Amino acid sequence: MRKKLAFAAISLLSAFIVLSCEKQGYDTVPAENIGITMSVDGFKSEDGNVISVPELNGEISPAGLFAVIDGKIIGGYENIMLDVTSENNKIILNINEETLNELPLEADYFIYWPYSGSLTFTPDPSKDEAEGFFQDLAGKWETQEDQSRHEDFMNSLLMYGTSRIVDGQLDFKMEHAMGLLQFELPGIKYQFTNEDFDIADYDILYDGSFENVIPYRTDDGQYLFLTNPENEDKLSGKFGQYDWSIDNTAANGECRKVVIGNGLSIREHCLKTGDFFCSDGSLISKDAPKEEVAAANVVGMVFQIDPARIGNGERLALGGTAHGLVVACKVAADGKLNAWYSKDGESSRDETEIGLENILVNDDAYATYQLANNDIEGYRNNTLIRTERKEDYDNGCYPAFKTAEDFGKEAGALSTTGTTGWYLPSNGQLLDVARNLGGATLDDSNLSDWGKGDFYWLGIGPLQYMLDAAMEKVAPEQKTSFYIYSYQWTSSAASETGARYFDFYDDEVYCNNLAKSHEDPVRCVLAF
């Protein structure tokens, strides 16, 4: 496998068949008057689809040009280097006028890309098609074993084409000399059947890395690898715990799918609040039998699927699409109590300096409730603390936030499964947990003013028991009762000295401002 070809001089046979354009008296046209372009199609897959190649971008390798008349290469027109640029998705080729200032009008032109500085192959000008003309080159082309970088993948690609001058244009429709492998990784694709919300497909790809044969990952998540069908009949490699092999690589211009393990399984699922979320990122319906749920490694429950109640930070962290929010079935660190912020005995700090909003309007509980309810940017809050307060965060000054981040080591469901990882929820997110899993009505129509911007609700029912009932099917060792740990921090600041916390007791729910140095449990959330 390859790059770049070590080149020698043109073969003696080719020298005999080279003609001089000037001596033969062929009509020519100034090279600057001819527009030269390349167009590139994708590889044809086994199911009839076309797999596009990555775009030519950055520093693009040049192309090599030949001119042929009457089955002979014209002298001075062999392996002419053309610079290549990409403009508005159009590939433009440019001739250096110091190298070549005119083009024969009646010639057949052959081009290949990427360019090689001198020849180790013998072109066959007796062939009308580019495939035959460049057959020797294609047979000697070597692809790289590691094509993970864009430039390495593109340097393993070989394309060729032929054209004639028509209306002042040389337009080359390129053909692929290489074959393409498309890897299907083991995992699950959830296709959601919801009618209430339009929820995008959710892919879970099992964690692993390629060995021996390392493909290129495209922006849309495809894994592609170029092979030479002339000299690579068999190919094998490894992905994570899976070995794979194929007896026949793809033919030139064609794409062959390589399924690793059992490949990607498709599951239709109507996503609901109360569904169970497992440590590998998979989902179990809340209506599934108790035996199925208890046997699974459940780490949380889906508590939000309404896109309007999922923060922009969560969506951005997941590449623009978030499917839902999950609350952990267990409290973090076995219920260890953590301060929100504390440094050298001090707990006062203005977090609005780094972009957090203070969720508090003094002496106005209703205005404070509106701020609290609208604060659904839990992931953003955590990210700001982790990055903008990095030194103090690393030194343990934000223990509640650090405990939430570390919860992944206990419960799983890390970002490798297509999630944000665990974080400390915002005030609005914990309100949604109580509403959507506990059935509580929590809004400004039934709240009570506790003074200084704090508020509470009475007569909302046994919320902690309702939340415990939502995870009744989860195995005992995988959950912590909401009744035992009914109070917890949010990631929402309230003032320089305080932060928002959430507490429910019997049929009462409190949403108040608490000193940041106070120590409370952490129950985490994540987005997927």
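Refer to the structure printed above.
Peer 1: Which residues make up empty space enclosed by the protein, and what values go with them?
Peer 2: Over the atoms a probe the size of a water molecule is rolled, and this reveals where empty space is left. Under the definition given, this model contains one cavity of 30 Å³ or more. Of the pockets and cavities examined, the largest cavity occupies roughly 50 Å³. Sorting the residues of the lining of the largest cavity by element identifies helix H12 (427–438) and strand E32 (498–505) as the ones contributing at least two each. At three residues, H12 tops the list of elements feeding residues into the lining of the largest cavity. In the lining of the largest cavity, the residues fall into seven nonpolar, one polar and one charged.

Peer 1: Describe the packing of aromatic side chains, and please don't skip the residues or the numbers.
Peer 2: Tallying each qualifying case throughout the model produces 35 aromatic pairs. Taken together, a centroid distance of 5.0 Å and an interplanar angle of 80 degrees make the contact between Trp340 and Phe401 edge-to-face. With Trp340 in the loop between strand E28 (338–339) and helix H8 (365–374) and Phe401 in helix H11 (residues 399–411), this residue pair connects regions lying 61 residues apart in the sequence. Phe401 shares its class with Trp340; the two are buried. What links up through ring pairs into an aromatic cluster is the set Phe66, Phe110, Tyr112, Tyr115, Phe121, Phe133, Phe134 and Tyr160. The positively charged end of Arg523 is found above the aromatic ring belonging to Phe482, 3.7 Å away from the centroid.

Peer 1: Explain the pairing of strand E13 (residues 169–176) residue by residue, including any values.
Peer 2: Look at any regular strand and the pattern is simple: side chains alternate between the two faces of the sheet. The two faces of E13 differ: Leu170, Phe172, Met174 and His176 on one face are buried, but Gln169, Asp171, Lys173 and Glu175 on the other face are not. In this structure, strand E3 (residues 35–40) lies alongside E13, joined through six bridges in parallel fashion. Counterpart to Val40 in the pairing with E13 is Met174.

Peer 1: Explain a nonpolar patch on the surface to me, and be specific about the residues and the numbers.
Peer 2: The grouping of Tyr465, Tyr483 and Ile484 at the surface amounts to a nonpolar patch, some 330 Å² of accessible area in total. For Ile484, the location among the structural elements is in the loop between helix H13 (463–470) and strand E31 (487–493).

Peer 1: Got a sec to walk through the layout of surface pockets? Specific residues and values, please.
Peer 2: Estimates place the volume of the largest pocket at around 1100 Å³. If you go around the largest pocket, you meet 41 residues; those closest to its centre are Asp203, Leu205, Arg217, Asp220 and Gly221. Only strand E14 (179–184), strand E16 (202–205) and strand E22 (254–259) provide two or more residues apiece to the lining of the largest pocket. Among the residues making up the lining of the largest pocket, the classes are represented as 16 nonpolar, 14 polar and 11 charged.

Peer 1: Can you explain the sheet that holds E31? Please cite residues and give values.
Peer 2: Across a sheet, strands are paired by hydrogen bonds formed along the backbone, either parallel or antiparallel in direction. Strand order in the open sheet formed by five strands is E29-E30-E33-E32-E31, with antiparallel pairing between adjacent strands. Of all the strands in the sheet, just strand E29 (447–451) and E31 have a single pairing partner and so form its edges. Here the average twist between neighbouring strands, direction ignored, is 25 degrees. Here four bridges tie E31 to E32, and the two strands are oriented antiparallel to one another. Residue pairing across strands places Tyr487 opposite Asp503, the latter belonging to E32. Helix-sheet contacts for H8 involve E29, strand E30 (454–458) and E32, and the interaxial angle to E30 is about 85 degrees.

The rules behind the values
- Residues numbered from 1 in each chain as written.
- Predicted model: local features only at pLDDT ≥ 70, side-chain atom pairs only at ≥ 80, totals over all residues.
- Heavy atoms only, no water.
- 1 Å grid on protein atoms, 1.4 Å probe; cavity = no way out; pocket = protein on both sides within 12 Å on 5 of 7 lines; lining within 4 Å.
- Points joined across faces, edges and corners; volume = space filled by probe spheres on them.
- Helix = DSSP H or I, 4+ residues; strand = E, 2+ residues; numbered from the N terminus.
- Nonpolar A, V, L, I, M, F, W, Y, C, P; charged D, E, K, R; others polar.
- Phe/Tyr/Trp six-rings, centres within 6.5 Å; stacked < 30°, edge-to-face > 60°.
- Buried < 20%, exposed > 50% of the residue type's maximum accessible area, 1.4 Å probe, protein only.
- Lys NZ or Arg CZ within 6 Å of the ring centre and 35° of its normal.
- Pairing = 2+ DSSP bridges.
- Patch = residues over 30% accessible without salt bridge, like charges linked within 9 Å, V, L, I, M, F, W, Y side chains within 5 Å.
- Areas by Shrake-Rupley, 256 points an atom, 1.4 Å probe, with all protein chains shown as cover.
- Salt bridge = Lys/Arg side-chain N within 4 Å of Asp/Glu carboxyl O.
- Axes fitted to C-alpha atoms, helices over the stretch in contact; angles between N-to-C directions.
- Contact = heavy atoms within 4.5 Å.

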